[in-house]
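# Examination of the molecular architecture
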Amino acid sequence: MSDEPEAVPDLDDVVARLKARVEERRRSGAYPPGLEQGLEDHFRRIVAHRATPDFTGLRARIAALDERARFDAGTIHAQSRRPGGEALHRAVRKVTARQTQGVLDQVQRYADAMRDVLAGVAASLEDPVHVHADLVEQLDAVLERLAAAERRTVAAEAAVAALVARVERLEASSASAR
Amino acid sequence: MTARRFSQVLVSASPGDAVTNEALALRPALRRLGDSDIFARYYDASLAGDVLPLEEYERRAPAGAPGAADDVLVVHGSIGEAAVASFLAGRPERLVLRYHNISPAPPFRPYDAAFAALLDGGRTELAALRPRVALALGDSAYNAADLEDMGYQDVRVSPLVVDPAGLCGLEPDPATAQHLATEVEGPVLLYVGQLLPHKRPDLLVQAFHVLVTYLDPDARLILVGPSRLPAFGNAIQHLVHELSLPGAWVAGPVTPEALAAFYRRADAFVTASEHEGFCVPVLEAMAFDVPVAARAAGALPETAGDAALLLPLDGGPALLAEAMHTVLHDQALRRELVGRGRGRVRHFSPERSTDTLVGHLAGLA
């Protein structure tokens, strides 16, 4: 056993050494190019179809539509800038009141039906079942195989690069020997 | 003004939760100053009796009762809740805001827009509460600065009342301990915390992939803690499967006794979190003599001090993997971190933190 007191590690130095080691592994090809980016991209692919879209905006727009879907003949104004125009408009309104109300009733029924359809579509979109978990699982499996294939390609590329470097070194050494 | 009552208010209380633990630890000291109970909008049934429903407060202390305005409400801030904000708005007591940090909403938005809105709402509610707050206390300088960003002034720092050594005294869960002793071989890296986007368990798994592929094929990674966002927890599981990492285990939520078993088996504690208001698990690991490697995020450098291997936030999975390897195998570094960790645990002794906090509150008595 040594009587030398053990050196107290400086944590900043340790971190600096770790960084240097990572750089060295990248330079030497021990870590394939794009290793970290590939891992990050992989996770992004996984979460992309698991994130829940924000339906707040859609709900707000449906609520706004709902507010406007109240049709009333009383809100059709009868003002006019021409002399006697307002009286004329009121007279026309009175004469055509039955037809106007008939049209408004039809539009109201259509709007009510449309509102129900939109609410149904929105609820369906928000329903997690809409995600089709079975398809997600199959997609995961395909992505997993693709990632494995990508890793093999990267590894093969690194191996070829290492071989090429060795051949070049051998050629240089053999040339200098001649 | 003489306060007779020092009550604590939480949005939610659950066993093992750091905020609930602090409220429970603080109560005996507050009872030396006056009447003191804990009230919560939501609480786990197992805490009934220890924690009272918020509605009960009004019955016990009517807002119009003489002297009510002299009493003190210690409000633990960690998430938004409209009912609590509305309750506080109608109360005459002096308010002490005990701030534990509110997680940033953006990482949650893609997974749970409603929860993200609660987090955003929490910040809005705290900002609105500011004119009513007589004393603001952050449990770390990082959290105090966060409050100041919301417009608070003269925010004091008073460390979280936490007893990590208490976990060491628990008898480890026998089944978990047996499983870990017989089924888990190789050096074990442990993460304890919620599986949430800002805690970056994805980065931990990526780093572990680099570790076992290039540096240490025998290493194990165990992730302990609940996932509030099922979609995110599910994505972490898939990442583990797709990277073919049989040495990684997403263990989920566990009892305190099982947690003690995990800490006892761990060779190192790791976290890649990018947002921490305090980070109790780091102190727990230190209490179990487990060396820590982490990213220098939020309040983590304050909590860990010089007792953890802290990495820059811009370091990726490769740097984290290198740190995992070093903290597992560099014996001199491990010894040093363990020794410093013990000092850190002493520094955050619950008695000292309680005295500091009560000292601040006593100034209002």
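Each remark here, short or long, concerns the structure printed above.
What you see is a predicted model; the values in this text were computed from it and never measured. (Residues numbered from 1 in each chain as written. Chains lettered and ligands numbered in written order. Predicted model: local features only at pLDDT ≥ 70, side-chain atom pairs only at ≥ 80, totals over all residues. Heavy atoms only, no water.)

## Digging into the interface of chain B and chain A
Chain B puts 41 residues into the contact, and the matching count from chain A is 31 residues. Roughly 3200 Å² is buried in total at the junction of chain B and chain A, and carbon and sulfur atoms are behind 63% of that figure. Looking only at chain B, the three residues that lose the most surface to chain A are Tyr214, Glu242 and Glu322 of chain B, adding up to 20% of its buried area. Put simply, chain B and chain A have three salt bridges between them. (Contact = heavy atoms within 4.5 Å. Buried area = accessible area lost by both parts, 1.4 Å probe. Salt bridge = Lys/Arg side-chain N within 4 Å of Asp/Glu carboxyl O.)

## Overview of the packing of helix α7 (residues 174-183) of chain B against helix α10 (residues 256-265) of chain B
Residues and elements named next belong to chain B. Contact geometry of α7 with α10 gives a least axis separation of 8 Å together with a crossing angle of 25 degrees. Viewed along their axes, α7 and α10 adopt a mutual orientation that is roughly parallel. Viewed along their axes, α7 and α10 form a crossing whose handedness is right-handed. Residue-level inspection shows Thr176, Ala177 and Leu180 of α7 in contact with α10, the latter providing Ala258, Ala261, Phe262 and Arg265. Split into classes, the residues belonging to the contact of α7 with α10 amount to five nonpolar, one polar and one charged. (Axes fitted to C-alpha atoms, helices over the stretch in contact; angles between N-to-C directions. Helix = DSSP H or I, 4+ residues; strand = E, 2+ residues; numbered from the N terminus. Parallel < 35°, antiparallel > 145°, perpendicular 65-115°, else oblique. Left-handed = near helix turned anticlockwise from the far one by under 90°. Nonpolar A, V, L, I, M, F, W, Y, C, P; charged D, E, K, R; others polar.)

## As for the state of the cysteines
Enumeration over the complete set of coordinates arrives at zero disulfides over all chains. Here Cys168 of chain B is not cross-linked by a disulfide; its sulfur's nearest cysteine counterpart is in Cys279 of chain B, at 16 Å. (Disulfide = S-S within 2.5 Å.)

## As for the packing of aromatic side chains
Tallied over the entire structure, the rule returns nine aromatic pairs over all chains. Look at Tyr57 of chain B and Phe87 of chain B: their rings are 5.7 Å apart centre to centre, the planes differ by 90 degrees, and that puts the pair in the edge-to-face class. Of this pair, Tyr57 of chain B sits in helix α2 (residues 54-60) while Phe87 of chain B sits in helix α3 (residues 82-89), and the two are 30 residues apart along the sequence. In terms of burial, Tyr57 of chain B and Phe87 of chain B fall into one category: buried. Each ring, one from Tyr263 of chain B and one from Phe288 of chain B, has its centre 5.0 Å from the other, and the planes form 15 degrees; the classification is stacked. One end of the pair, Tyr263 of chain B, is in helix α10; the other, Phe288 of chain B, is in the loop between α11 (280-287) and β12 (292-295), and 25 residues separate them in sequence. On the basis of relative accessibility, which here comes to 13%, the residue Phe288 of chain B falls in the buried class. One aromatic cluster is present, built from ring pairs that chain together Phe43 of chain A together with Tyr111 and Phe232 of chain B. (Phe/Tyr/Trp six-rings, centres within 6.5 Å; stacked < 30°, edge-to-face > 60°. Buried < 20%, exposed > 50% of the residue type's maximum accessible area, 1.4 Å probe, protein only.)

## A word on the pairing of strand β9 (residues 220-224) of chain B
Residue and element names in this part refer to chain B. When you tally the buried positions in β9, you get four out of five residues, the bulk of the element. Crossover connection from strand β8 (residues 188-192) via helix α8 (residues 201-215) to parallel β9: handedness right-handed. In this sheet, strand β10 (residues 248-252) lies alongside β9 in parallel orientation, the contact comprising four bridges. Across the sheet, residue Leu223 finds its bridge partner in β10, namely Val250. Crossover β9 to β10 through helix α9 (residues 230-242) is right-handed. (Right-handed = clockwise from strand over helix to strand, strands pointing away. Pairing = 2+ DSSP bridges.)

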